[in-house]
Amino acid sequence: PDGCGLFLPVSEITLPRSILSRAAESGPNPGVPQPLGVGQRVCFIQDECVQRGSVLFCGPLFNVCLCVQDHPGGSWDGYYKSIKLCSIPSPEFGALLPLSKVTAESRSERSPLAVTSPKLPPLPVPNKPALQPPSPSKDPPNRLLIQPSMLLTARQALQPPSSSAPKAALKPPALTTPKPALQPPAAPPNKPQAPPPDQSRSSNGFHNLPSPPIAEQRAEFGTWLEVGSMVEVNDPPLFGVIRWIGQINNIPEPVAGIELDQELSAATDGSYLGERHFHCPANKGLFVKLRNCRRDSRFPEPELPINQVDRCNSIAFANWSSKRVEEHTPPLSGADARLTYEGFKKGIQGHLNSCYLDASLFRYVKLRASIRPTHTRPQNNPISQSAQDLLRCEIVNPLRRYGYVCASKTMALRKLLKEETADSGFTNEEKDPEELLNQLFLLLQVEPLLKIRSVSQKAQECFIYQLFPPAVSPSSPVLSPLVSPGLLRVSSVQALLESSFMHSGLKLTEAPSCLPLLMPRFGKEFKMFDAILPSLSLDITDLLDETLRQCSICQSVAQWECLQCYEDVDITPGQLKQYCNTCNTQVHTHKKRQTHRPVEVRGPRGCWEGPVHGARQLMDLFAVTCIETSHYVSFVKHGPGATDWLFFDSMADREGGENGFNVPQVRSCPEVGRYLSLSVDEVSRLDASSLRDPVRRLLCDAYMCLYHCPQLSLYK
């Protein structure tokens, strides 16, 4: 407290008179060991080695002496018959010894550490007032005994500082202890310190804890300590909240300013040595070294965030694991497929935003074509070989045979994609299916599925084609001739594909075995169509380059095609228009079509006359991926019947909380086939609010439609 600091020569220091008188009355007894003072340096023999330490308690328990050792090797925690005699930071540093086994350490035996070490355990809680010697009026009412071990620290502290900073006065508080002795102050050699009340040493609110620190104090405190952290210091603990972290002059390590829960006479209002660091009520601000702060033990330690990427390979997924199948496994069909694939814990288990991947890979349960690398690219990429083996033996084959794949398998594939592309988002972020397929096919070194040529350019290769609807005025009540009037704005995939190719001047240079098509979507609120009807059969004959095509009127070999006629409302709008020479002349003789600019059709070499009876190039719908609120699901056709449809959701259910597991589900959806058989006009008259959930998601939320040609899949 202010006005209680006193500096004087050590020669003026004597024991309190009451203690001197008692010592004089008793007199020295050679046969009885003399009592030792608390804080006095002593030595004793333990395990044939000389141990040194400081006295914490010396009392009438059969003349015992309790010591705290300088080094580990003890085995006492400060309790005697369930009664706490003193506080020991760790049982390894405590020793309970007979007084006869302990001797005072001579001055010549003292090491520098014994004099200057500031980190000693705190005093026990006082239970009775200390003896009070008479003192001058300027002395505090409770004079403390100063031991010689404090002299070095005090003498260094009295040296003038190098800077002009004001010097802090030594502040010994009114401490009452059962023994008239005190341990050395816990302070650096150049900082004046005095023992504070309540078993702590403090100066201007700075608090040093006993040494050695407890194990949890030695932890990496920087990983969790911050302003606002609830901590405890000392033992018995003082609880509070960190209000400030920073550096203080003459203290080489970070210091924390703590606002205590309860008042402490040695505490401040958030200032230290006249400099304010934070604001708090008086006698509640305490400054301690940051490494001496511990987590508040009154509250459970928060769980560390679990790495969900690595969790897939942990024992937590043991009950959800799936088998490896190396044998070639063809897809099941019809009733066998429904029996194997349908139910909960079927399909591909979702984990950590993986629905885009799960919905895309589940389509392989039906696709009969195999993923084979092209022979024109190098085959020495180990990541590509690992991905091919993983996809075939860990995902596709087990999915076809058992109907289930664990999330750890797909996470392994996501890690390979991350390693190949250097995009960490593949393991934990949401992605688009087209981004996944493009990167996956490149990783697998798959030959591009599509080869498309524009009018004036060479053929280009790609894996997916994005459908582009024709540009129209937003104010038009009818968006395009593709849309039938009615309650819903509806188009079909067949009409969208033809329109996109016609307006872009594109042709397929060869028929693909698999055709992934991205639907025209512009977000939830900016859909050009209320519903898109996936065409069960896709006719791409007229979209192929250098092939025989029929005249739209007489079925002869077509030699001309006209974009303007495609949009003419008088000639079946929304359908491709291609003519032979005779029909082209007749159609464009009309005054409304004299401004049309027909384009010559590229066909195979040779002369062709008469009607063309060639087969149409058709592709079958086998899967549809849908999206709603950033969640992807899939519809897959599993048999030849019109009602053989499965609906797959990799996150249909959940077991557990944040660290739980997603439960995938596959269910039969025969009603899907009935709606897919409707025409565009019939779908446009439907009431969207009356549609059941699977059908509504298929028609209104279609994201990608996949078509394949079973005949071409046999060899391409």
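Residues numbered from 1 in each chain as written. Predicted model: local features only at pLDDT ≥ 70, side-chain atom pairs only at ≥ 80, totals over all residues. Heavy atoms only, no water.

### A word on the pattern of salt bridges
Any two side chains of opposite charge can pair, so long as their charged atoms come close to each other.
Alright, step 1. Inspection of the entire model under this criterion finds 25 salt bridges.
Alright, step 2. Between Asp389 and Arg324 there is a salt bridge; the shortest N-O distance is 2.9 Å. Linking Asp389 in helix α7 (residues 382-402) with Arg324 in the loop between α4 (308-311) and α5 (334-341), this pair joins segments that are 65 residues apart in sequence.
Alright, step 3. A relative accessible area of 27% places Asp389 in the partly exposed class.
Alright, step 4. A relative accessible area of 36% places Arg324 in the partly exposed class.
Alright, step 5. Salt-bridge contacts for Asp693 lead to Arg696; the nearest nitrogen and oxygen are separated by 2.7 Å. Separated by three residues within a single helix, Asp693 and Arg696 lie in helix α16 (residues 693-700), roughly one turn from each other.
Alright, step 6. Residue classification places Asp693 among the partly exposed residues on the basis of a relative accessible area of 33%.
Alright, step 7. What you see here is one network of salt bridges that share partners, running through Arg324, Glu326, Asp389, Glu394 and Lys409. (Salt bridge = Lys/Arg side-chain N within 4 Å of Asp/Glu carboxyl O. Helix = DSSP H or I, 4+ residues; strand = E, 2+ residues; numbered from the N terminus. Buried < 20%, exposed > 50% of the residue type's maximum accessible area, 1.4 Å probe, protein only.)

### Structural notes on the sheet that holds strand β21 (residues 460-462)
Alright, step 1. Taking strand neighbours across the sheet as the criterion, the three strands line up as β21-β20-β24 in an open arrangement whose pairing is antiparallel. Of all strands in the sheet, those bounded by a partner on one side alone are β21 and β24 (506-508). With strand direction ignored, the average angle separating the axes of adjacent strands in the sheet is 35°.
Alright, step 2. Pairing of strand β20 (residues 450-454) with β21, which is carried by three bridges, proceeds in the antiparallel orientation. Within the sheet, the bridge partner assigned to Ile452 lies in β21 and is Gln460. (Pairing = 2+ DSSP bridges. Axes fitted to C-alpha atoms, helices over the stretch in contact; angles between N-to-C directions.)

### Considering the confidence of the model for the protein
Alright, step 1. The predicted model of the protein has a mean per-residue pLDDT of 75, with 71% of residues at 70 or higher.
Alright, step 2. In this model residues 207-222 is a low-confidence stretch, pLDDT under 50, and it forms 40 contacts with partners more than four residues away in sequence or in other chains.
Alright, step 3. Overall, residues 472-486 carries pLDDT values under 50, and its contacts beyond four positions in sequence, including any with other chains, amount to 24 contacts. (pLDDT = per-residue confidence, 0-100. Contact = heavy atoms within 4.5 Å.)

### Description of the pairing of strand β32 (residues 631-637)
Alright, step 1. Within β32, seven of the seven residues are buried, which leaves it mostly tucked inside the rest of the structure.
Alright, step 2. On β32, burial covers both faces: His631, Val633, Phe635 and Lys637 on one face and Tyr632, Ser634 and Val636 on the other are all buried.
Alright, step 3. Note that strand β31 (residues 618-628) and β32 share six bridges and pair antiparallel. The residue of β32 that forms the bridge with Ala623 is Val636.
Alright, step 4. Between β31 and the antiparallel strand that follows it, β32, lie two residues; Thr629 among them carries a positive phi value of about 50°.
Alright, step 5. In terms of strand pairing, β32 meets strand β33 (residues 645-655) through four bridges, oriented antiparallel. When the sheet's bridge partners are listed, Lys637 is paired in β33 with Trp645.

### Description of unusual backbone geometry
Alright, step 1. Put simply, Asp235 and Pro236 share a cis peptide bond, and its omega is 0°.
Alright, step 2. As for its placement among the helices and strands, Pro236 is situated in the loop between β10 (230-233) and β11 (238-248).
Alright, step 3. Even without being glycine, Leu273 reaches a positive phi, approximately 55°.
Alright, step 4. Positive phi is not limited to glycine here, since Asn283 has a value of about 65°.
Alright, step 5. Here Asn283 shows up in the loop between β14 (275-276) and β15 (285-289).

### Details of the state of the cysteines
Alright, step 1. Across all of its chains, the model carries zero disulfides by this definition.
Alright, step 2. Not part of a disulfide, Cys554 finds its nearest cysteine sulfur in Cys580, a span of 3.5 Å.
Alright, step 3. Of the residues examined, Cys554 reaches a relative accessible area of 32% and is grouped as partly exposed.
Alright, step 4. There is no disulfide at Cys700, and the cysteine sulfur nearest it, in Cys626, is 9.6 Å away. (Disulfide = S-S within 2.5 Å.)

### Considering helix α8 (residues 407-421)
Since the α-helix turns once every 3.6 residues, residues separated by three or four places project in the same direction.
Alright, step 1. Over its 15 residues, α8 runs 21 Å from end to end, which matches the ideal 21 Å to within 8%, given 1.5 Å per residue.
Alright, step 2. For α8, the set of buried residues is Ala407, Ser408, Lys409, Thr410, Met411, Leu413, Arg414, Leu416 and Leu417.
Alright, step 3. Two residues or fewer after α8 comes Ala422, characterised by a positive phi angle close to 60°. (Expected span 1.5 Å × (residues − 1).)

### A closer look at α7
Alright, step 1. Compared with an ideal rise of 1.5 Å per residue, which puts 21 residues at 30 Å, α7 spans 28 Å between its outermost C-alpha atoms and is within 8% of the ideal.
Alright, step 2. The sharpest bend along α7 comes to roughly 30°, located at Leu391.
Alright, step 3. N-capping of α7 is provided by Asn381, with a side-chain oxygen placed 3.1 Å from the backbone N of Ile383.
Alright, step 4. Of the residues flanking the end of α7, it is Gly403, one or two places downstream, whose phi is positive at about 80°. (Bend = angle between axes of the 7 residues up to and from the residue. Polar contact = N/O pair within 3.5 Å; in protein donor to acceptor, adjacent residues only side chain to side chain.)

### Quick notes on the pairing of β20
Alright, step 1. Most of β20 is tucked away, with five of its five residues classed as buried.
Alright, step 2. Side-chain alternation along β20 places Leu450, Ile452 and Ser454 on one buried face and Lys451 and Arg453 on a second face that is also buried.

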